[in-house]
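Given next are the chains, with one letter for each unit.
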Amino acid sequence: MHRISPIPLTVQAFADFGDVVEASPEKMFSINEGTTNRFHDLASIDVERDGGRPMVNIFRGTPYPFPLTIRMMEKHPLGSQFFMPLDPFDYLVAVAEAKPTVMPEDVLVFSCSHKQGVNFKPGVWHHPLLVLAEQQDFLVIDRAGEGVNLVEQDLASPIMVDLDENNPQGRLEPRPRQ
């Protein structure tokens, strides 16, 4: 069994896998007579291949049991997939490069703030939602349309994610449901 520890989600560390979506001052300008700050052009939504169209969803995730073990990955070859948390809980993202198959040693796990979203590039391997709270909602934009846009693969051996059950994300403090 492989073991991995989460690393902090940053724009630079995640660049090969997609976009980190957050309210960054570098992407902000004022609109609506100064009453609104716009954080502009935060993700490259790519869903139009083979006649696809954007689809807006809410996904509600629940945690996997501890110890957290990753046994499979998935990818969406025809479009990107965007996730933005709607609840004040931090979460994890497991990813690997876009290639034909994924091996356990290819996988990275990121610890994400509840103020950060992610947009996976088409074909990037990722694990389904890895929430740490009792329940967490995400706004999801992905591809609707014809074609096979989901590929799942079991890993050759499982990956155990090193987490402290009392503070499952290490650097991030757990947040109670409001």
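(A) Broad picture of the overall build of the chain. Within the chain, the regular secondary structure consists of 1 helix and 15 strands. For 178 residues, the compact-globule estimate of 2.2 N^0.38 gives 16 Å, and the chain sits close to it at 17 Å. Within the chain, the proportion of its 178 residues that are buried is 44%. Contacts in the chain between residues far apart in sequence, at least 24 positions, make up 83% of those at least 6 positions apart. Split by element, the accessible area of the chain, about 9,600 Å² in all, is 51% carbon and sulfur. Averaged over its 15 positive side-chain charges, the chain has a centre that lies 1 Å from the centre of its 25 negative ones.

(B) Geometry of the pairing of strand β14 (residues 136-144). The element β14 is extensively covered by neighbouring structure, given that 8 of its 9 residues are classed as buried. Bridging between strand β6 (residues 53-61) and β14 involves 9 bridges; their strand directions are antiparallel. Each bridged residue has a counterpart across the sheet, and for R60 the counterpart in β14 is D137. In this structure, strand β8 (residues 81-85) lies alongside β14, joined through 4 bridges in antiparallel fashion. Pairing of M84 across the sheet is with L139, part of β14.

(C) Here's a closer look at unusual backbone geometry. Of the consecutive residues F66 and P67, the connecting peptide bond is found in the cis state with omega at -5 degrees. With respect to the helices and strands, P67 occurs in the loop between β6 and β7 (69-75). The backbone of N32 sits at a positive phi, close to 55 degrees, despite the residue not being glycine. When you line up the elements, N32 lands in the loop between β4 (28-31) and β5 (36-39). Of note in this structure, D50 is not a glycine but carries a positive phi near 55 degrees.

(D) Fine view of the nonpolar core. In this structure, I70, M73, L92, V102, V107, V109 and V161 are the most contacted members of the largest nonpolar core, which totals 17 residues. Among the elements of the structure, β7, β9 (91-96) and β15 (151-161) are those that each provide at least two residues to this core. Those residues within four positions of V109 in sequence are excluded, and the remaining contacts are I4, S5, P6, I7, I70, L92, V93, A94 and V161. One finds V93, F110, F120 and V131 within the second-largest nonpolar core, a separate group that totals 16 residues.

(E) Just the sheet that holds strand β11 (residues 117-120), in detail. What the 5 strands build is an open sheet, ordered β3-β11-β8-β14-β6; its pairing is antiparallel. Since the sheet does not close on itself, it has two edges, and those belong to β3 (18-21) and β6, each with one partner. Across the sheet, the mean angle separating the axes of adjacent strands is 15 degrees when strand polarity is ignored. Direction of pairing for β3 relative to β11: antiparallel, over a ladder of 4 bridges. Residue pairing across strands places G18 opposite F120, the latter belonging to β11.

Calculation notes
Residues numbered from 1 in each chain as written. Predicted model: local features only at pLDDT ≥ 70, side-chain atom pairs only at ≥ 80, totals over all residues. Heavy atoms only, no water. Helix = DSSP H or I, 4+ residues; strand = E, 2+ residues; numbered from the N terminus. Rg over C-alpha atoms; globule rule 2.2 N^0.38 Å. Buried < 20%, exposed > 50% of the residue type's maximum accessible area, 1.4 Å probe, protein only. Contact = heavy atoms within 4.5 Å. Areas by Shrake-Rupley, 256 points an atom, 1.4 Å probe, with all protein chains shown as cover. Lys, Arg positive; Asp, Glu negative; His and termini not counted. Charge placed at Lys NZ, Arg CZ, Asp CG, Glu CD. Pairing = 2+ DSSP bridges. Core = buried A, V, L, I, M, F, W, Y, C linked by side-chain atoms within 4.5 Å. Axes fitted to C-alpha atoms, helices over the stretch in contact; angles between N-to-C directions.

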